[in-house]
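# Summary of structural features
One-letter residues, chain by chain:
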Amino acid sequence: MWPVLGRLGKRHQNAKDKTDTMSRLDSFIRRLSAQRDILNAVADDVRTLDGPVLELGLGNGRTFDHLRELFTDRRIIAFDRAVNAYGPSMPAADDLVLGEIKDTASEFIGTGASLAHADIGTGYEDKDAVTLTWLPQTMAGVLASGGFAVSGLPLEHPDLQALPLPDSVKEGRYFIYRRK
Ligand SMILES: C[S@@+](CC[C@H](N)C(=O)[O-])C[C@H]1O[C@@H](n2cnc3c(N)ncnc32)[C@H](O)[C@@H]1O
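Residues numbered from 1 in each chain as written. Predicted model: local features only at pLDDT ≥ 70, side-chain atom pairs only at ≥ 80, totals over all residues.

### Quick word on the packing of helix 2 (residues 24-47) against helix 3 (residues 62-70)
Let me state the cut-off plainly: Axis definition: a line fitted to C-alpha atoms, over the contacting stretch in the case of helices. Angles run 0 to 180 degrees between N-to-C directions. Helix and strand assignments follow DSSP, with helices taken as H or I runs no shorter than four residues and strands as E runs no shorter than two, numbered in order from the N terminus. Working definition: roughly parallel below 35 degrees, roughly antiparallel above 145 degrees, roughly perpendicular at 65 to 115 degrees, and oblique for all remaining angles. Each helix crossing is assigned a hand: it is left-handed if the near helix lies turned anticlockwise from the far helix by less than a right angle, otherwise right-handed if that turn is clockwise. Remark: residues whose backbone-derived C-beta atoms lie within 7 Å of one another are considered to be in contact. Here the nonpolar group is Ala, Val, Leu, Ile, Met, Phe, Trp, Tyr, Cys and Pro; Asp, Glu, Lys and Arg are the charged ones; every other residue, Gly included, is treated as polar.
At a minimum axis separation of 11 Å, helix 2 and helix 3 run at an interaxial angle of 20°. The angle between helix 2 and helix 3 falls in the class roughly parallel. Considering how the two elements wind past one another, helix 2 and helix 3 form a crossing that is right-handed. Across the interface between the two elements, Gln35, Arg36, Leu39 and Ala43 from helix 2 touch Thr63, His66, Leu67 and Leu70 from helix 3. Considered class by class, the residues forming the contact of helix 2 with helix 3 number four nonpolar, three polar and one charged.

### With respect to the nonpolar core
Quick note on the threshold: Here, a nonpolar core denotes buried Ala, Val, Leu, Ile, Met, Phe, Trp, Tyr and Cys residues that are linked to one another through C-beta atoms within 7 Å. The exposure label follows from counting other C-beta atoms within 10 Å of a residue's C-beta, where the C-beta atoms are placed from the backbone and the thresholds are 20 or more for buried and 12 or fewer for exposed, leaving partly exposed in between.
Counting residues in hydrophobic clusters, the biggest one holds 37 residues, and the most contacted among them are Ala116, Met139 and Ala149. Within the residue set of this core, elements represented by two or more residues are helix 2, strand 1 (53-56), helix 3, strand 2 (76-80), strand 4 (113-118), helix 6 (135-142), strand 5 (143-151) and strand 7 (175-179). By residue number, the principal contributor to this core is helix 2, which donates five residues. If we skip the residues at most four places from it in the chain, alanine 149 touches Ala116, Met139, Leu143, Leu155, Leu160, Tyr177 and Arg179.

So this is what it looks like as structure tokens:
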């Protein structure tokens, strides 16, 4: 066996030996797969609703690009504190809201969104705990009745009803709710 393949084989074996941990790469891939699978799963229901789609945390714009594919004739408004999107995935200026989402999204309360997606978890418990002091009410507030909240962080709010995940998504990896 080539030496490099031997090393890969050993690393793979080590990874398989781990039962309750995974590499950050595996974790990243599973989070993005979960995100995509959930967005695909709710797309038909979202299309039956009026109202824009909100992308909280534009980042590189990969998810924004996927949302554009899913909702071709829907307004999609993206939020971030800074512009870091890959050029072709840049929203039009009117559909990009810059600043702290806690502040900027509060202007969109009552907007009647059909879908709000938030991928703004950091993996740091203390930082995510601060985000969770405002994110659930922001998500509930921007959605129309029957609208969908899809989030990398769990959202506890009396107006958000948790929905079952697609079979491909492990419990706790990503979250989906429907606004009552
Ligand atoms: C994980 S990335 C999103 C990746 C995105 N789904 C993509 O397809 O590239 C999170 C983004 O949210 C932004 N973000 C996180 N928390 C924020 C906040 N409180 N206010 C504004 N932007 C925030 C970060 O700047 C970052 O660009």
